[in-house]
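Chain by chain, the residues run as shown.
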Amino acid sequence: MELWIPITLGAAAAQTLRFTLQKHLKATQLSTAGATFARFIYSSPLVIAIAITYALMSGQGAPQIPASFWPYALAGGTSQIVGTMCVVALFAHRNFAVGITFKKTEVLLSALVGFLILGDIVTWPALFAMLLGFAGVLLLSDPPEAVGPWRQRIFNRATALGIGSGLAFGISGNGYRGASLSLGDGDVFYRAIVTLAFVTAFQTLAMALWLVWRERGEVMRVLRVWRVASLVGLTSMIGSICWFTAFTLQNVAYVNALGQVELLFSLIIGALVFREKVSPREWQGLVLLTGSVVLLVLVT
């Protein structure tokens, strides 16, 4: 088994737990931005400490950062903030498993971004997989009560948040891979942890400035709920280290595709922790979207 596979599975498990904790924070104590900030403020110091320790113990020293590193890292960090906020906000509209499924459109949207920006050719089987996924998204975007005109049921805030999160995470994954690979020197973990250290530091600063500007007092609320918020930071750190290492080892599309196992994890969490039920139509959407991702992996 190639190393990136178990690393990706670990990333998916940690991320599912993090979103569980963030949903709890969003539902009981913090705003969307506050619950998002919690993952950065409590994980960034740990990541920086690990990066410095590993650089010293491995004898690789301080990294040489090329100019090409910064556009990738900043684009990845910014889009991850946007994607995380979209997912946390989405939890107020739909249940946990469906919210995570919306996020997983990142696999399909990554292919679209690659075609538009890099000129990657999409084969007919891959196009069919994307259309299958689009059908699943339509089923998931239709609210369970299914009342009112069809257009209002499909084109709603939950749809925009879900697809927005998928696009943002698709961009962030490619940004992180580009940033990590631009560090020519060092082993795989060194490049991954150095990239993560810079990115999380930027994200913490950016989110703190945003909260001070737009949501005065929210930073202190995040600090007051440190018991749960610190667990968000810990699971975020574990998941991010695994994601960054996997992105350094393997193509982002393959990593994100294997990460679909998070769907199964989220279904289990949703049923056991939040006592949620998935409607028959939402089950159909889950099956179609998951099938489209599996097919996309098989034909690419």
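Given the structure is predicted, the values throughout are model-derived calculations rather than measurements. (Residues numbered from 1 in each chain as written. Predicted model: local features only at pLDDT ≥ 70, side-chain atom pairs only at ≥ 80, totals over all residues. Heavy atoms only, no water.)

Draft legend 1. The arrangement of the packing of helix H4 (residues 69-90) against helix H9 (residues 157-182) in detail. Between H4 and H9, whose axes approach to 7 Å, the crossing angle comes to 155°. In terms of orientation, H4 and H9 fall into the roughly antiparallel class. Along this stretch, H4 crosses H9, giving a crossing that reads as left-handed. (Axes fitted to C-alpha atoms, helices over the stretch in contact; angles between N-to-C directions. Helix = DSSP H or I, 4+ residues; strand = E, 2+ residues; numbered from the N terminus. Parallel < 35°, antiparallel > 145°, perpendicular 65-115°, else oblique. Left-handed = near helix turned anticlockwise from the far one by under 90°.)

Draft legend 2. Geometry of empty space enclosed by the protein. By the definition in use, this model includes two cavities of 30 Å³ or more. Approximately 130 Å³ is the volume found for the largest cavity. In this structure, the largest cavity is lined by 15 residues; those nearest its centre are Gln 15, Gln 80, Phe 169, Trp 243 and Phe 247. Of all elements in the fold, only H9 and helix H12 (226-249) reach the threshold of two or more residues within the lining of the largest cavity. When the residues that make up the lining of the largest cavity are grouped by side-chain class, the tally is five nonpolar, six polar and four charged. Of the voids in this model, the second largest cavity is the one considered here, and its volume is about 30 Å³. Around the second largest cavity, the lining residues are Gln 15, Arg 18, Arg 39, Thr 235, Ser 236, Gly 239, Ser 240 and Trp 243. Put simply, the parts of the chain that give the lining of the second largest cavity at least two residues each are helix H1 (4-28) and H12. The element contributing the most residues to the lining of the second largest cavity is H12, with five residues. Residues that form the lining of the second largest cavity fall into these classes: one nonpolar, five polar and two charged. (1 Å grid on protein atoms, 1.4 Å probe; cavity = no way out; pocket = protein on both sides within 12 Å on 5 of 7 lines; lining within 4 Å. Points joined across faces, edges and corners; volume = space filled by probe spheres on them. Nonpolar A, V, L, I, M, F, W, Y, C, P; charged D, E, K, R; others polar.)

Draft legend 3. Seen up close, the side chain of Ser 79. By the element assignment, Ser 79 lies in helix H4. Within polar-contact distance, the side chain of Ser 79 engages the backbone oxygen of Ala 75 at 2.8 Å. Within the structure, the side chain of Ser 79 is placed 3.2 Å from the backbone nitrogen of Ser 172, a separation counted as a polar contact. (Polar contact = N/O pair within 3.5 Å; in protein donor to acceptor, adjacent residues only side chain to side chain.)

Draft legend 4. Expanded view of a nonpolar patch on the surface. There is a patch of nonpolar side chains on the surface, built from Leu 46, Leu 231, Leu 234 and Ile 238 and spanning about 300 Å² of accessible area. Per-element accounting of the nonpolar patch gives the leading share, three residues, to H12. Checked against the element boundaries, Ile 238 lands in helix H12. (Patch = residues over 30% accessible without salt bridge, like charges linked within 9 Å, V, L, I, M, F, W, Y side chains within 5 Å. Areas by Shrake-Rupley, 256 points an atom, 1.4 Å probe, with all protein chains shown as cover. Salt bridge = Lys/Arg side-chain N within 4 Å of Asp/Glu carboxyl O.)

Function cannot be inferred from these measures alone, as they are strictly geometric.
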